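# Survey of secondary and tertiary structure
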Amino acid sequence: MNILVTGGAGFIGSHLVQALLLQGHKVITLDDLSSGRESFLQEVLSHENHTFIQGSVLNRRLIKQCIDQVEAVFHLAATLGVKNTVEDPIKVIEGNIDGTRHVLELAFKRGIKVVFASTSEIYGKNTSLPFSEISDRVYGAPSIHRWCYATAKSIDEHLCFAYADKGLPVTVLRYFNAYGPRQTNSQYGMVVPRFIHAALRGEPLLVYGDGSQSRCFTYVDDMVRGTISALSRQADGLAFNIGSNRPTTVLRLARMIVKMTDSDSMLQFMSYDEAYGKGFEDMPARIPDLTRSGSVLGFSSFVSLEEGLERTIRWSQGHGSE
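So, a few notes on the structure that sits alongside this text. Since the structure is predicted, the reported quantities are computational estimates derived from the model, not experimental observations.

### Notes on the nonpolar core
The biggest cluster of nonpolar side chains holds 55 residues, and the ones touching the most others in it are Ile12, Phe74, Phe195 and Leu253. With 25 residues, the next largest nonpolar core counts Leu62, Cys66, Val103 and Ala107 among its residues.

### Topic: helix 7 (residues 220-229)
Among the 10 residues in helix 7, seven count as buried, and that is most of the element. Where helix 7 is concerned, the buried positions are Val220, Asp222, Met223, Val224, Gly226, Thr227 and Ile228.

### Some points on unusual backbone geometry
In this structure, Pro130 follows Leu129 across a cis peptide bond, with omega equal to -10 degrees. Checked against the element boundaries, Pro130 lands in the loop between strand 5 (113-119) and helix 5 (148-165). You will see that Arg182, though not glycine, has its phi angle at about 85 degrees, which is positive. Tracing the backbone through its elements, the reader meets Arg182 in the loop between strand 7 (178-179) and helix 6 (191-200). Residue Arg182 is classed as buried on the basis of its relative accessible area of 11%.

### Things to note about the pattern of salt bridges
Scanning the model with the defined rule gives 15 salt bridges in all. The closest approach of N and O atoms between Lys64 and Asp68, which form a salt bridge, is 2.8 Å. The exposure class assigned to Lys64 is partly exposed, which follows from its relative accessible area of 42%. As a salt-bridge pair, Arg311 and Asp221 come within 3.5 Å of each other at their nearest N and O atoms. Here Arg311, found in helix 11 (residues 305-318), pairs with Asp221, found in helix 7; they are 90 residues apart in sequence, far enough to count as distant. Note on Asp221: relative accessible area 34%, which makes it partly exposed.

### Some words on the packing of helix 6 against helix 11
Where helix 6 contacts helix 11, the axes come no closer than 11 Å and their chain directions differ by 55 degrees. Classified by the angle their axes make, helix 6 and helix 11 are oblique. Between helix 6 and helix 11 lies a crossing of right-handed hand. Between helix 6 and helix 11, the contacting residues are Val192, Ile196 and Leu200 on the first element and Leu309, Thr312, Ile313, Ser316 and Gln317 on the second.

### Describing the environment of Arg314
Looking at the element boundaries, Arg314 is found in helix 11. The class of Arg314 is exposed, set by a relative accessible area of 52%. Considering only alpha carbons, one finds Arg314 and Gly7, 307 residues apart in sequence, at a separation of 25 Å.

### Digging into helix 11
Across its 14 residues, helix 11 extends 20 Å between first and last C-alpha, which sits within 8% of the 20 Å expected from 1.5 Å per residue. Residues of helix 11 that are buried: Leu305, Gly308, Leu309, Thr312, Ile313, Trp315 and Ser316. What you see down the axis of helix 11 is that its buried residues fit within an arc of 160 degrees, all on one side. Among the exposed residues of helix 11, those pointing more than 90 degrees away from its buried face are Arg314 and Gly318. Where helix 11 is buried, its residues meet strand 7, helix 6, strand 10 (218-219), strand 12 (248-249) and helix 8 (250-260).

### So, the sheet that holds strand 2 (residues 26-31)
Two modes of strand pairing occur in sheets, parallel and antiparallel, and in both the strands are linked by backbone hydrogen bonds. One open sheet holds the seven strands; their spatial order is 3-2-1-4-5-6-11, and the pairing between them is parallel. Two strands bound the open sheet, and with one partner strand each, they are strand 3 (50-54) and strand 11 (239-242). Each neighbouring strand pair of the sheet contributes to a mean axis angle of 20 degrees, computed without reference to strand direction. The sheet contact formed by strand 5 and strand 6 (residues 170-175) spans six bridges and is parallel. Bridging from a neighbouring strand, Ser118 pairs with Arg174 of strand 6. In the packing of helix 1 (residues 11-22) onto the sheet, the strands contacted are strand 1 (2-6), strand 2, strand 3, strand 4 (72-75) and strand 6, and the crossing angle to strand 1 comes to about 170 degrees. Lying on the sheet, helix 2 (residues 60-67) is in contact with strand 1, strand 2, strand 3 and strand 4; it crosses strand 2 at an angle near 170 degrees.

### Structural notes on the side chain of Arg286
Inspection of the secondary structure puts Arg286 in the loop between helix 9 (272-276) and helix 10 (291-297). For Arg286, the side chain forms a polar contact with the side chain of Glu121, separated by 3.1 Å. Aside from chain neighbours lying at most four places away, what touches Arg286 is Ser120, Glu121, Gly124, Leu129, Phe131, Arg146, Phe176, Ser214, Arg215 and Cys216.

### Topic: the packing of aromatic side chains
For the structure on display, the rule yields nine aromatic pairs. Consider the rings of Phe108 and Tyr163, whose centres lie 5.4 Å apart with planes at 55 degrees: the pair is tilted. Taken together, the positions of Phe108 in helix 4 (residues 89-110) and Tyr163 in helix 5 put the pair 55 residues apart, joining distant regions of the chain. On the basis of relative accessibility, which here comes to 33%, the residue Phe108 falls in the partly exposed class. Aromatic pair Tyr139 and Trp147: ring centres 5.8 Å apart, planes at 20 degrees, arrangement stacked. For Trp147, a relative accessible area of 2% puts it in the buried group.

About the criteria used
Residues numbered from 1 in each chain as written. Predicted model: local features only at pLDDT ≥ 70, side-chain atom pairs only at ≥ 80, totals over all residues. Heavy atoms only, no water. Core = buried A, V, L, I, M, F, W, Y, C linked by side-chain atoms within 4.5 Å. Buried < 20%, exposed > 50% of the residue type's maximum accessible area, 1.4 Å probe, protein only. Helix = DSSP H or I, 4+ residues; strand = E, 2+ residues; numbered from the N terminus. Salt bridge = Lys/Arg side-chain N within 4 Å of Asp/Glu carboxyl O. Axes fitted to C-alpha atoms, helices over the stretch in contact; angles between N-to-C directions. Parallel < 35°, antiparallel > 145°, perpendicular 65-115°, else oblique. Left-handed = near helix turned anticlockwise from the far one by under 90°. Contact = heavy atoms within 4.5 Å. Expected span 1.5 Å × (residues − 1). Arc of directions from axis to C-beta. Pairing = 2+ DSSP bridges. Polar contact = N/O pair within 3.5 Å; in protein donor to acceptor, adjacent residues only side chain to side chain. Phe/Tyr/Trp six-rings, centres within 6.5 Å; stacked < 30°, edge-to-face > 60°.

As structure tokens, this is what we get:
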């Protein structure tokens, strides 16, 4: 199959591109390299079935040229990260909504499959756990920029389902806290690379709040398996949670990383107001209900947090704790 992967030089995207090529697909990777890196694709840049294009999903003409050559699209390109949501909400809103609109409109004209990468952020402040795919979204006031990413992704999902009603084969995947090799964007607030970076340098690990907030950290290989499984026609018109359902507190994560890196780093606690400005809210817990993902996609997460962290730390040690 000929496949387009937007955001394919990013953390998850580069792993996805490699996996698709291993399965014998022909892949066009589109990435503007704003957060991705061409070096993440170094092993496959010269692959006979791979084409890399540096460009943006905001470039409608370029997107059309790519989509005209393929039979399916994995749309992973996004403007993300807690830091961006707080400091540049316009960039987050426009970057996510406009790019997704281009992909869906052009894919619809050709009737080709789209797999859209969404996020567990769309559940917002809902405290009814675990989150099923029909759980309510609960957000704060629009004046609080913290919610702009979740809002933009929610609108993207509305677009996906609207096109599904018109006949587009589209599947929405809600990722839960992916981590693994190549996740280097610590400046965007991603906790695992931020902690590993600090631990390997003997610097304090900054724990926001009291560290009791829990997340279901999901190793990238599991995320990629779930993503590829969404090509199934049985998945058309549906949303799926993709992640681990084994929660871990941020405090425990920090202590694990300090121990596994044999680091002398101390833990340093910082309020959310100090880290992101007054009024920032974080969720006490996020846990996915994987019933639908398991029954329709055959998905489950296999890699334990301990094993995944070991692999990620080894990669970081070999890449200068980027």
